[in-house]
Amino acid sequence: MTLSECIASVGRRTFLDNARELGMHQNSQSYNDQVEHSLEPSLSHHCTDLLDALRYVVQSCKQHFNPNYRLKVCQKILEVAVSVVCPDSVPLEMLLHFVSAFPSEFTDYGGVLRIKLQQWLSGGRSKCSCRSCKGGGRELLKSLCGFPAEFVGSLHVGRSTFVCDDEELAAWEGEAKRWVTTLFLVMNDKDSFDPLCVFIYDHGTRICEEKQICQWLPVKYLILLFSLVCQLQQLLENDSDVCADPGRKLMFSRLLDTLNGTYQKFLLLFNSIMKNLVLFTKVSCTVLWFTLELEATKLPSSVCGKLGGPSQRRLPSEITSSVLQAITSVKVITSLSSWCKMIGSDVSVDFTFDFFWDFLWNTLSSSACNSETEAEIGLAAYEALAPVLRTLALRYPSLSLDQIVKQHNPVAADMENEPLLDALMKKFLQNINCLLEVGYLARSRKAALMKFKWCCLESLLSIPILALKSGYKPAKYKFYFSDDVVRETFAELVENLENAAEDAVLPMLRSIRLVLALLTSRSDILVSCGGVNIQMIWQLVQSSWILHVSCNKRRVAAISALLSSVLHPSYFSDEKMHMINGDSGPLKWFVEKVLEEGTRSPRTIRLAALHLTGLWLAYPRVLKYYIKELKLLSLHGSVAFDEDFEGELGDNHDAKAEVSLLAMSPEPELTKAFLNTELYARVSVAALFQKLADLAEDDDLVDIHDDKTAALEAGRLFLLELLHSAVNEKDLAKELYKKYSAVHRRKIRAWQMICGLSRFVHEDILDQVTNSLHTSLYRNNLPAVRQYLETFAINVYLKFPSLVKEQLVPILLDHNTKPQALSSYVFIAANIILHAPNQLKSKHLEDLLPPVIPLLTSHHHSLRGFTQLLVYKVLHKSFPPSSVEASQHISLEERCFSNLREYLSKNSDCMRLRASMEGYLDNYDPVISATPAGIFVNRVEDLEFECVPTSLMEQILNFLNVVREDLRCSMANDLATIKSESLRLGEDQSNTNLNCDDKNDVSLLEPSMNASANFQRKFTLARHGKEESDLHASLGFSNLYQQTFGEMEKDDQLLDQSLQSRIMTIGKIRASRQQIILVASLLDRIPNLAGLARTCEVFKASGLAIADTTVLQDKQFQLISVTAERWVPIIEVPVKSLVGFLQKKRREGFSILGLEQTANSVLLDKFAFPKKTVLVLGREKEGIPPEIIHILDACVEIPQLGIVRSLNVHVSGAVALWEYTRQQRCQ
């Protein structure tokens, strides 16, 4: 982010300079001509280098977990590109690389950057600084339209014949994909695609002839066509998402109309060239089925040395090129026919389906392999068969089954009972297993073949399921698979699951999911078998767990597929799968293992919580076996962020598809908001019990009485378990703990969940609940925790109003209750009155208000202020203002309450207190606050502390702290004013004496009169004081007064000397302080701030600047600082005032330095500190922001020799402060 900010600043400056220079010479034609010829190559070269650097920054930001952060970086980079770079002036290849680097989530239709990117590419900038640019993006459009001819027609220098391998094919595919991504950003209407359509049609109709002329033309043409179809498929999927949302559909209605026109144009185009493409594919695929001559099977020496990796085919170069051409052509035909079918066209169904079916049987009927070359070609055939079977399953399932029926053509009546797909499945498994066991393939090539085996198997298994979904029913055959075939397939999958390669995991897990769906289906049409047994599931969960722990990378798609396959909904309701004779069943064993591992893997536990809560909601009868696991999810709160989670969901189609197949979340909106946060595990559990409470309380659902009973029982068990832990567990019952500590977090999580379970409190557990509640309320807990206890208590008492007088009133009348507990009970009592039903409101008012009123006089300031606020709210609601006439006839008690309400309403201090609460009580609703949305929606991005809002007590304490600080400042100002006035009066007295001496009027005054005059300067006598002093003198008291006044004069002199000595001492202390100020306004962690305060005091720094001085009252701060805040000057400089503060210090002669690693930073031991220094420290993670770096005089960094790139900010500040001190001591 800092790098992008710096680049953006330089880019804006460059743009302004170029624009200014262009404006100065816009009337000079000779100058423009000279610049155009001399600077055009240089500018183009610099723009190319800049665009390459910007591309690198965009690609690097994709690794960040926060999509908002990625978006901000991409916005800054695009801003630079728009300001400095003209698309027409850079090479097309570099431009394609830059555009394709942006995440698709920002550039797809509806993406936030798409319009700005389109405007830039189309030449929509306000003023271009490139003088060679002709504007309007015409050059770019011309280059994009000419790309296909240049791409397809490019020659291979130095090769007599056309050969290619997988690496070259992948490079061409990447180049074509980048081109088509940019193409759809620039093209705004269907007519813009006319040149491209002409090119595709011309080459498509002549593809067979072109193969005879140039062998590389068809291959690169097919690659271009494949990239185009993939982009169209992606657009079609995005359209489906937009149409599913009515709001977005209305917003993008015009765009959708344009896309529909584009789709129809390409649909006509593809149908017109489909026959030629199928004919070319048939010819290309002959290499996959014909037996080669003996000479052709020999491997050249260059190939024999290869290990045979996934992209290293152990084939001669010419055969490799032919095989790749065949595979590419099959992929193009399958993608084209699939897209046309998605649009709704059946024009090309007949001949494309016939080709797919012939390809399937040609592959399965191929002869046995006699050499490694033939085995490699067989592998290639199955590689091409995978997309063919996938297309048959997804687009033509009914036609496929009809074709199988035709091929069977049974002659005997008993053959009608034979499963329809058994023969095909057996033939496929027999042939591919024979190829695996023949021994010709290298180990890595066998792994590649295994991947295609499972992909093909997944498609074969999905054909009957998809056909039934489309409404297909076989006419003659009763079953699709036999029991033996399905079980053998399941056993083979489970056996190979433990050693599955990473790229084979997904198809294997999907195949297992399909097999389980077949085995547990209730339909007799689907399979003739008896379901699954516990032994099969034990084998599955153990193999799956070994697979999961052996994977080096926890991919979102793989984890989701594992959960949806093993924890299959079809048998999740079977209680024997969870618990057998008091021991864990296979599913419970697997869940325990996954959640235990999930405490170390954020994405695992979040996906597990998503799937499990959906299953538990569907089958609440098994929840009673998972109380321990529910507690683990509720108290879990890993602070680790999943950096790739959002990226995988956005860019990986498999990840998005597999996550969508997990059990439906109880609250989709909360899932969308919190899935990639540390909060999601308990958010999902809270949402689950919210739905279970709705289920238990719904009287209309009579037919699912067992589920309602199970939901209620599970809620009670879980509530009692959490309450028992909160009261008795060591960490949760602890009373002395630090704010933001692990104990503090666990307490908040526990009581958040208990608060959400208040609806499960019933008569049979009421005593247990209230005993645990009062025990927790009496204990010392921070306000962040107490607010959830209070909300839970309010909901319990509102549900059981008879307990108010029985339990709550005696507690309020107990004068020995701790103030902290009393504050909670006052809050509970006030909200019971405010939120009780109308028929109970007056009774609660009579019971609860009398014991609360005396607390208005409490000596405890926070309790007193707390009670004032709540009593005002109650009186304001319960005692509306009465008229003057009516006030003469009301009772004494009513008049007292009325006057009390008026006082609390109009008193300035009470009004300030209410104003500082910002309507907290008006917005507080105990029922909503106990829902998942009410508990977790208060998430603040800057704080993100367990979604905890600031409680009412915390707000009152903050208010009182501010008031006390204002009072201290006022008293200090009054003291300074009194001292100044005393000094001024002393000066006036001296001047008066001097004037008297000059006028020789001293002889007119008696000594007693002089004493009286001096006395009157110090004190204010009563009226006629002068006459009283004369009377005392006449009575002989003048000597006594002179003696007394002399002693007082001596006391005054001693006091003045003491004050002067103290002032001089303070001055010396200030003078002895080093002239360095540490600025920590960007820091927010209390341990770092407290440690820096202690360090500043030790090294006698002039001051420490922090963002908020209220942190000085925090107990954790005081514990770490050990009273340092009393001796070191600490000033408050909020972040928004930091720039002004630094500029002010610069005017006072200070040098402004930053402790940060920058391109120009100086090593700490090489830097000479100025005597007057202001040292700025950066944030704990991000460092010093760019807007502060720009105003610094210099940056210093600490030399580092280890691997970790930074020190803790407190340690860094201490090291820098010591280096400053060392240099000053040496001087």
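Predicted model, so just to flag it, every value in this text is computed and none were measured.

1. A word on unusual backbone geometry
Peptide bonds are mostly trans, and most non-glycine residues show a negative phi.
Move 1: Although it is not a glycine, tyrosine 740 sits at a positive phi angle of roughly 70°.
Move 2: Residue position: tyrosine 740 is located in the loop between helix H33 (705-728) and helix H34 (742-756).
Move 3: What makes tyrosine 740 partly exposed here is its relative accessible area of 41%.
Move 4: Its identity as a non-glycine residue notwithstanding, valine 1122 has a phi of 45°, on the positive side.
Move 5: Here valine 1122 lies in the loop between helix H52 (1115-1121) and strand S7 (1130-1132).
Move 6: Take valine 1122: its relative accessible area is 42%, and that puts it in the partly exposed class.

2. Thoughts on the nonpolar core
Move 1: Counting residues in each nonpolar core, the largest one holds 294 residues, and the members touching the most others are Trp120 and Phe270.
Move 2: Ranked by the residues each element gives to this core, the list is headed by helix H17 (residues 372-395), at 13 residues.
Move 3: Discounting chain neighbours no more than four positions away, the residues touching phenylalanine 270 are Leu225, Leu228, Val229, Leu232, Leu336, Trp339 and Cys340.
Move 4: Leu1078, Ile1086, Ala1101 and Leu1153 belong to the second largest nonpolar core, which has 31 residues in total.

3. Concerning the packing of helix H28 (residues 627-635) against helix H32 (residues 680-697)
The relative placement of two packed helices comes down to the angle between their axes together with the axis-to-axis distance.
Move 1: Where H28 meets H32, the closest approach of the two axes is 6 Å, and the angle between their N-to-C directions is 125°. With respect to their mutual orientation, H28 and H32 come out oblique. The two elements H28 and H32 meet at a crossing, and its hand is left-handed. When H28 is examined against H32, the residues Leu630, Leu633 and Ser634 are found in contact with a partner set consisting of Ala681, Arg682, Val685, Leu688 and Phe689.
Move 2: Residue composition of the contact of H28 with H32, by class: six nonpolar, one polar and one charged.

4. Description of the sheet that holds strand S8 (residues 1151-1155)
Move 1: Across the sheet, seven strands lie side by side as S7-S6-S5-S10-S8-S11-S9; this open sheet has parallel pairing. Of all strands in the sheet, those with a lone pairing partner are S7 and strand S9 (1162-1163), marking the two edges.
Move 2: Note that S8 and strand S11 (residues 1194-1197) share three bridges and pair parallel. Across the sheet, residue leucine 1153 finds its bridge partner in S11, namely alanine 1194.
Move 3: Contacting strand S5 (1074-1079), strand S6 (1101-1106), S7 and strand S10 (1173-1177), helix H51 (residues 1086-1098) runs over the sheet at an angle of about 165° to S6.

5. Here's the deal with the environment of threonine 709
Move 1: As for its placement among the helices and strands, threonine 709 is situated in helix H33.
Move 2: Sequence spacing of threonine 709 and proline 620 is 89 residues, and the spatial spacing of their C-alpha atoms is 9.0 Å.

6. Examining the pattern of salt bridges
Move 1: A complete count under the given rule lists 30 salt bridges for this structure.
Move 2: One salt bridge connects arginine 313 with glutamate 383, and the closest N-O pair in it is separated by 2.9 Å. Here arginine 313 is found in the loop between helix H14 (301-304) and helix H15 (317-343), whereas its partner glutamate 383 is found in helix H17, with 70 residues between them in sequence. Per residue, the accessibility class of arginine 313 equals that of glutamate 383, and both read buried.
Move 3: Connected via shared salt-bridge partners are Arg510, Arg513, Asp654 and Glu658.

7. Examining empty space enclosed by the protein
One way to see where empty space is left: roll a probe the size of a water molecule over the atoms.
Move 1: Tallied over the entire structure, the rule returns nine cavities of 30 Å³ or more.
Move 2: Reported here for the largest cavity is a volume of approximately 70 Å³.
Move 3: Around the largest cavity sit Val505, Leu509, Leu547, His548, Cys551, Lys553, Arg554, Arg555, Ala558, Ile559 and Leu562, which together line it.
Move 4: When residues of the lining of the largest cavity are traced back to their parent elements, those giving at least two are helix H22 (505-519), helix H23 (534-550) and helix H24 (556-566).
Move 5: Counting residues per element, the lining of the largest cavity draws most heavily on H24, which supplies three residues.

8. A short note on the packing of aromatic side chains
Move 1: Counted under the stated rule, the structure contains 28 aromatic pairs.
Move 2: Here the aromatic rings of phenylalanine 270 and tryptophan 339 are separated by 5.6 Å at their centres, their planes lie at 80°, and the arrangement is edge-to-face. With phenylalanine 270 in helix H13 (residues 253-284) and tryptophan 339 in helix H15, this pair connects stretches of sequence that are 69 residues apart.
Move 3: With a relative accessible area of 0%, tryptophan 339 lands in the buried category.
Move 4: Members of the aromatic cluster, joined through ring pairs, are Phe353, Phe355, Phe356, Trp357, Phe359, Trp361 and Tyr396.
Move 5: When the ring centre of tyrosine 626 is taken as reference, the NZ or CZ atom of lysine 588 above it lies at 5.0 Å.

9. Remarks on the pairing of S8
Move 1: Most of S8 sits out of view: four of its five residues are buried.
Move 2: Note: S8 against S10, five bridges, orientation parallel. Bridge assignment links isoleucine 1152 to a residue of S10, and that residue is valine 1174.

10. A word on the confidence of the model for the chain
The predicted structure's coordinates, where accompanied by low pLDDT, should not be read in detail.
Move 1: In the predicted model, the chain carries a mean pLDDT of 80, and 77% of its residues have values of at least 70.
Move 2: Confidence, read as mean pLDDT per element, is least for helix H48 (residues 1007-1018) in the chain (37) and greatest for S10 (95).
Move 3: Long-range and interchain partners of residues 30-40, a stretch whose pLDDT sits below 50, account for seven contacts in this model, where long-range means more than four residues apart.
Move 4: Note that residues 994-1041 has pLDDT below 50 and, in this model, 27 contacts with residues that lie over four places away or in other chains.

11. Structural notes on H17
Move 1: Helix length check: H17, at 24 residues, gives a terminal C-alpha distance of 35 Å against a target of 34 Å (1.5 Å per residue), a fit within 8%.
Move 2: With respect to burial, H17 is a largely interior element, 20 of its 24 residues being buried.

12. Examining helix H3 (residues 67-84)
Move 1: The terminal C-alpha atoms of H3, which comprises 18 residues, lie 26 Å apart, in line with the 26 Å expected from a rise of 1.5 Å per residue.
Move 2: Turning to H3, its buried residues are Arg70, Leu71, Val73, Cys74, Ile77, Leu78, Val80, Ala81, Val82, Ser83 and Val84.

About the thresholds
Residues numbered from 1 in each chain as written. Predicted model: local features only at pLDDT ≥ 70, side-chain atom pairs only at ≥ 80, totals over all residues. Heavy atoms only, no water. Helix = DSSP H or I, 4+ residues; strand = E, 2+ residues; numbered from the N terminus. Buried < 20%, exposed > 50% of the residue type's maximum accessible area, 1.4 Å probe, protein only. Core = buried A, V, L, I, M, F, W, Y, C linked by side-chain atoms within 4.5 Å. Contact = heavy atoms within 4.5 Å. Axes fitted to C-alpha atoms, helices over the stretch in contact; angles between N-to-C directions. Parallel < 35°, antiparallel > 145°, perpendicular 65-115°, else oblique. Left-handed = near helix turned anticlockwise from the far one by under 90°. Nonpolar A, V, L, I, M, F, W, Y, C, P; charged D, E, K, R; others polar. Pairing = 2+ DSSP bridges. Salt bridge = Lys/Arg side-chain N within 4 Å of Asp/Glu carboxyl O. 1 Å grid on protein atoms, 1.4 Å probe; cavity = no way out; pocket = protein on both sides within 12 Å on 5 of 7 lines; lining within 4 Å. Points joined across faces, edges and corners; volume = space filled by probe spheres on them. Phe/Tyr/Trp six-rings, centres within 6.5 Å; stacked < 30°, edge-to-face > 60°. Lys NZ or Arg CZ within 6 Å of the ring centre and 35° of its normal. pLDDT = per-residue confidence, 0-100. Expected span 1.5 Å × (residues − 1).

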